[in-house]
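Structural overview for review
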Amino acid sequence: MARRTFRRGGFAVTFEAPIGVRSYLRQHFGRSKRTPFIMPAEMLTIIQPTPTPHVKHRDPMAAVAPWRPRADVPTPADATATLEEQVKSRYWYHTIELPGGIVTEGEFDHRPLVPHYGLPEDLTGKSALDVASFDGFWAFELERRGAQVTSVDVGRISSYDFPYAARRQLETEGLDRPHVPGFDIARRALDSKVQRITSNIYDLNPADHGTYDFVHVADVMLHLESPTRALRAVRSVTGDTAHIVDACRVDFDEGESQAVEYLGGWEVIVWWLPSLSTLAQMVLDAGFRSVRLHAVYVLGRKYGDGGYHRAILVANV
Ligand SMILES: C[S@@+](CC[C@H](N)C(=O)[O-])C[C@H]1O[C@@H](n2cnc3c(N)ncnc32)[C@H](O)[C@@H]1O
């Protein structure tokens, strides 16, 4: 037992307390509050045996393979060729119906998805931004619904978020070149008024790009090293509603799991597959006031398998 007397003003209190309680009393009732905290040894645990991290050594040569020119792909016909020749002579990501019964042979055909996609039926008088627009299927769909549309995408391959060693490889092989989707061909053929601008998603901001009543951004977060930073930029140009569609792992959503599969950008620049809850949480954390899930879908593709589940989220500012 230790005896201590504490004085405050004209009063004095004397305690008899076990030794261990002394520092507590001194901290709370004594004059000096500077008693150093001494961590008890049991607060530290060294995990034994030391776990083994499983890492893979990735091949940067393989990572850039999809960006090497292919001998079997013809040189795109120029604007003097017929529409059919122009359409046939190039790669299309989107399947787009053009006048004269011409349909681009896209890697994805989103047409059956449109009725389930949850876009507002009538966007008359609204401004809309289609982020990461590629050939412009969704930009043209927003225009068809009455919006005044801006479509944005990067201007060069090197703007993609390649992993560090893959970027070095891209530079070494001189593979950087302009990213030229079929958008211009489709816009001319459709006599569309969609305005195309070039910007990295991370650089979107209200001072340079303005704000839009409706923002559509699909299938790009999985390709970004910093998806939440990109979502913040998307939030900054959203005036009212954002339609955010991206890949997710629905099987991760047991309970309230906010797990993410990390892929590191090595294969066709896929960095992350978040659980549904994680994706929705990222949207909220980027500054949106609310987020709701409209639907989840899987869409087959022309090359390879059907690919990932995609979540359609509707967010408001
Ligand atoms: C998988 S496609 C999705 C096309 C379209 N949004 C859709 O959902 O059908 C990915 C698009 O994201 C674009 N992209 C990739 N990285 C980007 C970035 N950092 N900023 C803006 N666009 C980017 C690509 O150029 C490409 O057009």
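The text that follows walks through the structure, step by step, so that each part is easy to find. (Residues numbered from 1 in each chain as written. Predicted model: local features only at pLDDT ≥ 70, side-chain atom pairs only at ≥ 80, totals over all residues. Heavy atoms only, no water.)

Per the secondary structure count, the chain includes 9 helices and 15 strands. For the chain, buried positions account for 39% of its 317 residues. If you take every contact in the chain between residues at least 6 apart in sequence, the share linking residues at least 24 apart comes to 60%. (Helix = DSSP H or I, 4+ residues; strand = E, 2+ residues; numbered from the N terminus. Buried < 20%, exposed > 50% of the residue type's maximum accessible area, 1.4 Å probe, protein only. Contact = heavy atoms within 4.5 Å.)

Moving on, we get to the sheet that holds strand β10 (residues 212–218). Within a sheet, adjacent strands bond to each other through the backbone by hydrogen bonds, running parallel or antiparallel. The sheet built from 7 strands is open, its strands ordered β9-β8-β7-β10-β11-β15-β14 with mixed pairing. At either end of the open sheet lies a strand with only one pairing partner, and these are β9 (195–198) and β14 (290–298). Across the sheet, the axes of successive neighbouring strands diverge by a mean angle of 20 degrees, strand direction being ignored. The sheet contact formed by β10 and strand β11 (residues 238–248) spans 6 bridges and is parallel. In the sheet register, His216 faces β11, and the bridge partner there is His243. (Pairing = 2+ DSSP bridges. Axes fitted to C-alpha atoms, helices over the stretch in contact; angles between N-to-C directions.)

By the definition in use, this model includes 12 aromatic pairs. Ring centres 5.1 Å apart and planes at 55 degrees place the aromatic pair Tyr262 and Trp272 in the tilted group. With a gap of 10 residues between them, Tyr262 in strand β12 (residues 260–262) and Trp272 in strand β13 (residues 272–274) connect regions that are remote in the sequence. Above the face of the Phe183 ring, Arg196 is positioned so that its terminal group lies 4.4 Å from the ring centre. The ring centre of Tyr202 lies 4.1 Å from the NZ or CZ of Arg229, which sits over that ring. (Phe/Tyr/Trp six-rings, centres within 6.5 Å; stacked < 30°, edge-to-face > 60°. Lys NZ or Arg CZ within 6 Å of the ring centre and 35° of its normal.)

So, about unusual backbone geometry. Gln48 connects to Pro49 through a cis peptide bond whose omega is -5 degrees. Here Pro49 shows up in the loop between α1 (22–29) and α2 (60–63). Residues other than glycine seldom take positive phi values, yet Phe134 does so here, at roughly 50 degrees. As for its position among the elements, Phe134 is in the loop between β7 (127–131) and α4 (137–144). The backbone phi angle of Val268 is positive, close to 40 degrees, even though this residue is not glycine.

On to the environment of Asp191. Considering the arrangement of structural elements, one finds Asp191 in the loop between α6 (183–190) and β9. A relative accessible area of 58% means that Asp191 is categorised as exposed.

Another aspect to go through is a nonpolar patch on the surface. Taken together, the side chains of Phe37, Met39, Met43, Leu44 and Ile46 present a nonpolar region at the surface, about 610 Å² in accessible area. Topologically, Leu44 is positioned in the loop between α1 and α2. In this structure Leu44 comes out as exposed when scored by relative accessible area, which is 56%. (Patch = residues over 30% accessible without salt bridge, like charges linked within 9 Å, V, L, I, M, F, W, Y side chains within 5 Å. Areas by Shrake-Rupley, 256 points an atom, 1.4 Å probe, with all protein chains shown as cover. Salt bridge = Lys/Arg side-chain N within 4 Å of Asp/Glu carboxyl O.)

No statement about biological role is implied by the geometric values presented.
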